[in-house]
Amino acid sequence: MEMSATEMSALETSWWERRVVPRLVEVALGSGQIKKLRAQTCAGLSGRVLEIGFGSGLNLPFLPADVTSLDAVEPSEVGWERSVAARTDTALRIDRIGLDGRDLAADDDSYDAVLCTFSLCTIPDPTLAVAELRRVLRPGGAFHVLEHGLSPDAGVARWQHRLDPIERRVAGGCHLTRDPLALLCAGGFTVRESEQRYLPGPRIGRPWAYCYRAIGLPED
């Protein structure tokens, strides 16, 4: 029985997202410049930490000694498999607690901090996910975020909107046009500090290179 073109496309996209995208993400987001941003984003984490979008464990080398345990949410089996070496090399206890940041198997006020790097761009309903993170974060805790997103430059933003449908298709649902700071505020956080800038590189890459680094505090 032959499959239709639509069924073939769905199968190919599924295979691409499952097997290829996690490897591409690991390479693209493991560069020296992004490592510096990861280190800055992880600074100040302590206690029991929840990481959304654990991937292959690229943040593990930058976690402070004050972090006592890490619960990981990671939807990709390939990403989790590729994190084995990183998880083996650390004495930190790491548990995978789920696949979906929008519905966490955790009690209210469970975590001292939440870490999310380059994952809000792909979550299907990021506002719901941020609100769920707010639920499990204890009063006084902090949400550490590193993300790419919508540029304030009108010309770059126009290209981001044009490229967004292609980006979502080839990059596992990644969006170029989300505003991470607005998502934090919509999910019940106050932005305590933030930094926004382009990563170094040619201008042609700017639709993918506008980065946000922020810390959000849960609103009362």
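Residues numbered from 1 in each chain as written. Predicted model: local features only at pLDDT ≥ 70, side-chain atom pairs only at ≥ 80, totals over all residues. Heavy atoms only, no water.

Novice: For this particular structure, what's the right way to read the overall build of the protein?
Specialist: Helices and strands together make up the secondary structure of the protein, namely eight helices and seven strands. For the protein, the C-alpha atoms occupy an extent of roughly 50 × 45 × 35 Å along the three principal directions. Within the protein, the proportion of its 220 residues that are buried is 45%. Within the protein, contacts between residues at least 6 apart in sequence are counted, and of these 70% link residues at least 24 apart. Taken as two groups, the 25 positive and 30 negative side-chain charges of the protein have centres that lie 6 Å from each other. (Helix = DSSP H or I, 4+ residues; strand = E, 2+ residues; numbered from the N terminus. Buried < 20%, exposed > 50% of the residue type's maximum accessible area, 1.4 Å probe, protein only. Contact = heavy atoms within 4.5 Å. Lys, Arg positive; Asp, Glu negative; His and termini not counted. Charge placed at Lys NZ, Arg CZ, Asp CG, Glu CD.)

Novice: What should I look at first to understand the pattern of salt bridges in this one?
Specialist: A side chain of one charge can pair with a side chain of the opposite charge if their charged atoms are brought near each other. Under the defined criterion, the tally for this structure stands at 11 salt bridges. A salt bridge links D112 to R138; the nearest nitrogen and oxygen atoms lie 2.7 Å apart. With D112 in strand 4 (residues 111-117) and R138 in strand 5 (residues 137-148), this pair connects stretches of sequence that are 26 residues apart. Using a relative accessible area of 26% as the deciding quantity, one classes D112 as partly exposed. A salt bridge links E195 to R213; its shortest N-O distance comes to 2.7 Å. In this pair, E195 is assigned in strand 6 (residues 189-198) and R213 in strand 7 (residues 210-218), connecting sequence segments 18 residues apart. In the salt-bridge network here, residues are joined through shared partners; they are D108, E132 and R135. (Salt bridge = Lys/Arg side-chain N within 4 Å of Asp/Glu carboxyl O.)

Novice: Can you walk me through the packing of aromatic side chains in this structure?
Specialist: Each aromatic ring pair is described using two quantities: the centre-to-centre distance and the angle formed by the ring planes. One pass over the structure, following the stated rule, counts four aromatic pairs. Aromatic side chains F143 and F189 sit 5.2 Å apart centroid to centroid with 50° between the ring planes, which places their arrangement in the tilted category. Residue F143 is found in strand 5, and its partner F189 is found in strand 6; the two are separated by 46 residues along the sequence. On the basis of relative accessibility, which here comes to 0%, the residue F189 falls in the buried class. Pairing Y210 with Y212 gives two aromatic rings, centres 5.4 Å apart and planes at 85°, and the pair type is edge-to-face. Clustering of aromatic rings is evident, with ring pairs tying together Y198, Y210 and Y212. Directly above the ring of W159 sits R162, whose terminal nitrogen or CZ lies 4.7 Å from the centroid. (Phe/Tyr/Trp six-rings, centres within 6.5 Å; stacked < 30°, edge-to-face > 60°. Lys NZ or Arg CZ within 6 Å of the ring centre and 35° of its normal.)

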